[in-house]
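For reference, the chains in residue letters:
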Amino acid sequence: MSNQTKYWTWHMAAGVVLLFLLGLHMLIMHMGGTVHLFAPHGTDAVSMANSQWRDSKIFFTITYVLLLGVGLYHGLYGLRTILFELTLKPALENAVTALLVILGLGLFGLGTWAAWAAHTIVLAGGRG
Amino acid sequence: MAESKTAKQIQFHVTRFNPETDAKPFIQTYAVPVLDGMTVLDGLHWIKENLDPTLVWRYSCRMGICGSCGMLINGSPTLACNTQILHLSGSAITVAPLPNFEIIRDLVPDLLSMFDKHASVQPHILRDAAELNDSKGEFYQSPEELEAYLQFTYCIKCGCCMAACPTLATDVRYLGPMPLTALERYNEDSRDEGFQVRKEIAAAHGGAFSCHYAGECSRVCPKGVDPGKAIQLLKRKLVLDYLHLASRAKTCKKLDGPGEGKLLPNMTFPARTIPG
């Protein structure tokens, strides 16, 4: 099976998921005054109380990690595509791919750890 | 309105380049008397016959079917024989060789790279050799099955789509609209069984997924092939195949001897136009 088909298919799928998750992000974080979604402590979505409330819910931890994952994959694969159009030598292409994979996995790991840490900290003592 | 019989002087700004004598291409201007209906190809002939016999370009059929006279006219890749001068401008036009190709001389591009890419997609029916070589019988193909790929057969390999493609302008390894359209033409042909072979070519680096759907190839195609559509259909086919959602349409059968083809039900025939 050719890799390009696989990577491109996942790129498109990630884009579709991103549309949904970013839509949710927009509604919660930037339209709080109008929609007032998932913000039981006032209309300011980024207030400490509302943030901690969301951090305490496993649903939001999972959506944070999912948003991070699909965003990183979609963005970094797109970046790789653009860089490859510079007609790089094969060795450089492999190096770019490896670098982006390491960067992506690293940022995903960091972000997942941060999301999980926030979740557990709030549950331990910072209930919203 | 009667056609004008008075020739109009049109400036032809033509890109010239002789690799044996010139360091780089330059523009040479010719004043050409143009009558209604004259094509750019006619204008070039006039220049060669009356002003500059050294001007070089490719042409053959002069009727838009051979694809030889593809060139950049007023910034757009098109066929010189298909382009009327007075439809472009009343004063001046620019004529240059097709971009995205090396120039052999003047308006003659080196199309070998395009034909090599075309050959690499195996643009012929791939099927059991014994069946293909058996002279008895014929492959049955319905009008609907023909319709699925007919549009893509109109390609005359002129190279205009390749010249217009912005991806090809930056990435020479990209197969390009014409080879990918040829690939999809055979994928959609019900007589062909070569998808499993061609999908490796189509999905490799420089294949269909390097296309960003700029659409310039379809805009400039002089035959209405719509290579952009062909490439998107190809991407869809590849993705559905990867997800195991592709339809398992069987390739068409070979029918031996008369009488084995099915008649279309409820066939109607045109009314007779003469009595008797």
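The text that follows walks through the structure, step by step, so that each part is easy to find. Counting starts from 1 at the beginning of each chain's written sequence and moves along it residue by residue. The order in which chains are written sets their letters, starting at A; the order in which ligands are written sets their numbers, starting at 1. Local features in this predicted model are restricted to residues of pLDDT 70 or higher, and side-chain atom pairs are both shown and tallied only at a pLDDT of 80 or more, whereas totals for entire chains, interfaces and linings draw on every residue. The side-chain numbers reported here are obtained from all heavy atoms of the structure, hydrogens and water having been left aside.

## Structural notes on the packing of aromatic side chains
We apply this condition: To pair, rings of Phe, Tyr and Trp, with the six-membered ring standing in for Trp, must have centres within 6.5 Å; the planes then decide the type, stacked if under 30 degrees apart, edge-to-face if over 60, and tilted in the middle. Only DSSP runs of H or I covering at least 4 residues are called helices, and only runs of E covering at least 2 are called strands; the numbering of each starts at the N terminus. Each residue is placed in one exposure class: buried if its accessible area under a 1.4 Å probe, protein chains only, is under 20% of its type's maximum, exposed if it is over 50%, and partly exposed if it falls in between. Note on geometry: a ring has a charge over it if NZ (lysine) or CZ (arginine) is within 6 Å of the ring centre and within 35 degrees of the ring normal.
Within this structure, the stated rule accounts for seven aromatic pairs over all chains. Between Tyr7 of chain A and Tyr77 of chain A, the aromatic rings sit 6.4 Å apart at their centres with planes inclined by 55°, giving tilted as the arrangement. With Tyr7 of chain A in helix α1 (residues 3-30) and Tyr77 of chain A in helix α4 (residues 58-84), this residue pair connects regions lying 70 residues apart in the sequence. Residue Tyr7 of chain A is classed as partly exposed on the basis of its relative accessible area, which comes to 30%. Given the relative accessible area of 8%, Tyr77 of chain A is considered buried. Plain terms: the ring middles of Phe60 of chain A and Tyr64 of chain A are 6.3 Å apart, the flat faces sit at 40° to each other, and that makes the pair tilted. Within this pair, Phe60 of chain A and its partner Tyr64 of chain A are both found in helix α4, separated by four residues, close to a single helical turn. The structure contains a cluster of three or more aromatic residues connected by ring pairs, namely Trp53, Phe59, Phe60 and Tyr64 of chain A. Over the aromatic face of Phe195 of chain B sits the side chain of Lys237 of chain B, whose NZ or CZ is 5.6 Å from the ring centroid.

## Describing helix α11 (residues 227-242) of chain B
The condition is simple: Multiply 1.5 Å by the residue count of a helix minus one, and that product is the helix's expected span. Only heavy atoms enter the contact rule, under which two residues are in contact if any of them lie within 4.5 Å.
Here α11 of chain B contains 16 residues, and its C-alpha end-to-end distance of 23 Å stays within 8% of the 22 Å for a straight helix at 1.5 Å per residue. Burial in α11 of chain B covers these residues: Pro227, Gly228, Ala230, Ile231, Gln232, Leu234, Lys235, Leu238, Val239, Asp241 and Tyr242 of chain B. Contact partners of the buried residues in α11 of chain B: α1 of chain A together with α6 (160-164), α8 (177-187), α9 (195-202) and α10 (216-220) of chain B. Within two residues after α11 of chain B, His244 of chain B carries a phi angle of roughly 60°, on the positive side.

## Here's the deal with the interface of chain A and chain B
For clarity, the threshold we go by: When a carboxyl oxygen of Asp or Glu is within 4 Å of a side-chain nitrogen of Lys or Arg, the pair counts as a salt bridge. Counting of polar contacts relies on pairs of N or O atoms within 3.5 Å, with two restrictions inside protein: one atom must be capable of donating a hydrogen and the other of accepting it, and residues adjacent in sequence are counted only when both atoms are side-chain atoms. In this classification, Asp, Glu, Lys and Arg are treated as charged, Ala, Val, Leu, Ile, Met, Phe, Trp, Tyr, Cys and Pro as nonpolar, and every other residue, Gly included, as polar.
Facing the 14 residues of chain A at the interface are 19 residues of chain B. Run the count over chain A and chain B and you get one salt bridge. Arg173 of chain B is the salt-bridge partner of Glu93 of chain A, the closest N and O atoms lying 2.8 Å from each other. Summed over the shared surface of chain A and chain B, the result is seven residue pairs in polar contact (both at pLDDT 80 or more). Contributions of two or more residues to the side of chain A that touches chain B are made by α1 and α4 of chain A. The element best represented in the side of chain A that touches chain B is α1 of chain A, accounting for six residues. A breakdown of the residues in the side of chain A that touches chain B according to their chemical character gives five nonpolar, six polar and three charged.

## Things to note about the pattern of salt bridges
Here the structure, examined in full by the defined rule, presents 11 salt bridges over all chains. Between Arg127 of chain B and Glu193 of chain B there is a salt bridge, and its shortest N-O distance comes to 3.9 Å. Of the two residues, Arg127 of chain B sits in the loop between α3 (112-120) and α4 (129-133) while Glu193 of chain B sits in the loop between α8 and α9, which places them 66 residues apart along the sequence. Several salt bridges converge on common partners, so that one network encompasses Glu93 of chain A together with Asp171 and Arg173 of chain B.

## Brief notes about the packing of α1 of chain A against α4 of chain A
Residue and element names in this part refer to chain A. Test applied: Convention adopted: a line fitted to C-alpha atoms gives each axis, helices being fitted over their contacting stretch, and angles between N-to-C directions are expressed from 0 to 180 degrees. Here the angle decides the label: under 35 degrees means roughly parallel, over 145 means roughly antiparallel, 65 to 115 means roughly perpendicular, and every other value means oblique. When the near helix sits turned anticlockwise from the far one by under a right angle, the crossing is termed left-handed; a clockwise turn instead gives a right-handed crossing.
Across the interface, α1 lies against α4 with an axial gap of 8 Å and an inter-helix angle of 135°. Judged by the inter-axis angle, α1 sits oblique to α4. Of the two possible hands of crossing, α1 and α4 adopt the one that is left-handed. The residue makeup of the contact of α1 with α4, split by class, is 17 nonpolar, seven polar and one charged.

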